[in-house]
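# Examining the three-dimensional arrangement
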Amino acid sequence: MSLTVKKNKIVGVSSDGSWRCVLSEEIFIMAHDVGTGGSKAALTDIAGNIIASKFKPYPTIYPREHWAEQEPSDWWEAVTSTTRDVLEETSVSPDNVKGIIFSTQMLGVLPVDLSGEPLRGAIIWLDGRAQEQADKIIRMFTKPVLLAVAGGIPTGKDVIAKLMWLVEHEPGIYEETHKILDVNSFLVYRCCGEFVYDYAAASATGAFNFKKKDWDPFLFKIFKMDPSKMPRVIPSYEKAGGLTEKAAEEMGMKPGTPVFAGTGDVPAATVGSGAVIDGKGHVYVGSSGWIAVTMPKSVNAGRKGIVSIASADPTRFLLVAETESAGACFKWFADNLAPKDVDYGPGMDVFDYLNKVAAEAEPGSSGLIFCPWMFGERSPIPDTTVRGGFINLSLDHKRGDVARAVFEGVALHARWMLEEVRKCGFNDVSLRAIGGGAKSDLWMQIYADACGVNVERVVQPQESGARGVALIAARGLGHYPDIPSLWNVVKVDRVFFPRTEYANLYKEAFFNLKEVYKRLKKLYRRINSGV
């Protein structure tokens, strides 16, 4: 199949001539990328090109250690206000917006009543409160059984453990619960009044049957939970319903506009990276980070926290290795340790400044090691008690060394994930790169050097989530025959190649990073869990 993409227009012809589309310039999609730090509305054409976007932040609440919650009303306010702002800026008529879709943070738990009103604050993906429940699951099943049945070893951040926590600690709320939602399903409900999960979100809960593509009644029975409290499950590109009058008024949109099921940030970003063909992978560098590979079948390395979830394409899977803190490490450094009284230079902010000083330091950061485990870790070390830090810091180190060490520590952890992903069958020499962190040339070169792969940064890498769900909606509208046909739509901006002269240096640094965890993991557990 060949595709020709022009501004606000796409012309496509299948290889056998059976499929062809030529679209007018007056078809738009309202795609929302709802993350941990805020929500972005992006008006796109059906080739995923961003016409305009607006972002609104919202807070995360940390009521106790290991807890992380958000207010669902903050999500909705961000979604509605940014939608109105984008439409106002572009002067696009709501009549020409043919679909609404969301890419959202995953692994959340939000109980709602019959009218869809939240019964408590949302427990988000970052929350690790349910470690005791995860340990109970492990004792109940044993690790070999869990690996065979669920594909992985649960942690306190997994949905099934959080649901057990809700049953045990807030039984009244669980009893009153009509449906258990996540971020995406809550926003879809607010738009069209339908309770749905997409396959990817459902498969990430640990309570989904891949073969039947539905909730697993056996697991719900074992955990003494009610499967009827879970929404129905549909493909990401299926229409969930039409925009209600009330939601349309709040968003400045047209009532009845199709609302698609949407999906989580990982499968959406996969589409937005273009790595939708079997064996193709991408690396994401946002607040969190991950490496994901499109696979024809489910493959797991559960002991390493690496699992398969359903992709946006119901016929394929995503092998996912996730790290809890990637860009969050860089932001923490900028917020807390970067100088405030320095002239960053014309048109530069603190992030530009830190990129500059880090680039002045030598590769390897003069032996300084940064451990990027700032809020526990998921893979390849499933450990809610591990924490970050600088190792081998001395009076000889300069600011540039410290800044560069943060970049390198995150990239070296990605190498650790990649090492385990390769054991699951990934053997490509290239990774697409997406996320806000991918905008940094320095960081992408460090990723290429540290991981030993070609890093292919896509155009507008920070927009991959919105671009991905926009393309999914375009598939739902019938403008593409399937998800793999989107491979040629997403364009690469620049390729970063690994420099062989630094291979041994990063090999040693990688060994040292793993050795730090090996030697200190018991100490982390004693300090942070009292065990």
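Up top you'll find the structure we're talking about.
Everything in this summary refers to the structure shown in the same document. Since the model is a prediction, treat every value here as computed from it, not as a measurement.

Another aspect to go through is the nonpolar core. The biggest cluster of nonpolar side chains holds 72 residues, and the ones touching the most others in it are Ile 101, Trp 215, Phe 223, Met 225, Val 271 and Ile 472. The next biggest cluster of nonpolar side chains, apart from the first, holds 65 residues, and it includes Phe 333, Val 386, Cys 451 and Phe 510.

Below, the discussion takes up a nonpolar patch on the surface. Among the surface-exposed residues, Met 140, Phe 218 and Ile 222 lie close enough to one another that they form a single nonpolar patch of about 270 Å² accessible area. Here Ile 222 is to be found in helix 8 (residues 217-222). Look at Ile 222 and you get partly exposed, because its relative accessible area is 32%.

A word on the packing of helix 2 (residues 131-141) against helix 4 (residues 159-169). Helix-helix packing is characterised by the crossing angle of the two axes and by the distance between the axes. Two numbers describe how helix 2 lies on helix 4: the axes approach to 8 Å, and their chain directions differ by 110°. One finds that helix 2 runs roughly perpendicular with respect to helix 4. Touching Gln 133, Ala 134, Lys 136 and Ile 137 of helix 2 are Ile 160, Ala 161, Met 164, Trp 165, Glu 168 and His 169, all from helix 4.

A few words on the pairing of strand 21 (residues 307-310). Direction of pairing for strand 21 relative to strand 22 (residues 317-323): antiparallel, over a ladder of four bridges. The partner of Val 307 across the bridge, within strand 22, is Val 320. The turn linking strand 21 back onto strand 22 is made up of six residues.

Let us look at the sheet that holds strand 21. In a beta sheet, neighbouring strands pair by backbone hydrogen bonds and run either parallel or antiparallel. The sheet built from seven strands is open, its strands ordered 21-22-20-19-25-26-27 with mixed pairing. Only two strands of the sheet have a single neighbouring strand rather than two, namely strand 21 and strand 27 (492-496). This sheet shows a mean twist of 30° between the axes of neighbouring strands, independent of strand direction. Looking at chain direction, strand 19 (residues 281-285) and strand 20 (residues 289-295) are connected through five bridges and run antiparallel. Looking across to strand 20, one finds that His 282 is bridged to Ala 292.

For the rest of this paragraph, the subject is the packing of helix 11 (residues 327-336) against helix 13 (residues 399-422). In the contact formed by helix 11 and helix 13, the axes pass within 9 Å of each other and the chain directions differ by 165°. Comparing their axes, helix 13 and helix 11 come out roughly antiparallel. Viewed along their axes, helix 11 and helix 13 form a crossing whose handedness is right-handed. Between helix 11 and helix 13, the residues in contact are Cys 329, Phe 330 and Phe 333 and Val 402, Ala 403, Val 406, Phe 407 and Val 410, respectively. Counted by class, the contact of helix 11 with helix 13 contains eight nonpolar, no polar and no charged residues.

Under the counting rule described, the total for this entry stands at 29 salt bridges. The residue Arg 120 makes a salt bridge to Glu 69 at a minimum N-O spacing of 3.3 Å. Of the two residues, Arg 120 is situated in the loop between strand 9 (110-112) and strand 10 (122-123) and Glu 69 in strand 7 (residues 69-70); the sequence distance between them amounts to 51 residues. For the residue pair Arg 120 and Glu 69, the accessibility class agrees, reading buried in each case. Ionic pairing is found between Lys 331 and Asp 335, a salt bridge with its closest N-O pair at 2.7 Å. Within this pair, Lys 331 and its partner Asp 335 are both found in helix 11, separated by four residues, close to a single helical turn. Asp 335 gets classed as partly exposed once you look at its relative accessible area, which sits at 38%. One salt-bridge network, held together by shared partners, links Glu 69, Arg 120, Asp 127, Arg 129 and Glu 170.

How each quantity is defined
- Residues numbered from 1 in each chain as written.
- Predicted model: local features only at pLDDT ≥ 70, side-chain atom pairs only at ≥ 80, totals over all residues.
- Heavy atoms only, no water.
- Core = buried A, V, L, I, M, F, W, Y, C linked by side-chain atoms within 4.5 Å.
- Buried < 20%, exposed > 50% of the residue type's maximum accessible area, 1.4 Å probe, protein only.
- Patch = residues over 30% accessible without salt bridge, like charges linked within 9 Å, V, L, I, M, F, W, Y side chains within 5 Å.
- Areas by Shrake-Rupley, 256 points an atom, 1.4 Å probe, with all protein chains shown as cover.
- Salt bridge = Lys/Arg side-chain N within 4 Å of Asp/Glu carboxyl O.
- Helix = DSSP H or I, 4+ residues; strand = E, 2+ residues; numbered from the N terminus.
- Axes fitted to C-alpha atoms, helices over the stretch in contact; angles between N-to-C directions.
- Parallel < 35°, antiparallel > 145°, perpendicular 65-115°, else oblique.
- Contact = heavy atoms within 4.5 Å.
- Pairing = 2+ DSSP bridges.
- Left-handed = near helix turned anticlockwise from the far one by under 90°.
- Nonpolar A, V, L, I, M, F, W, Y, C, P; charged D, E, K, R; others polar.

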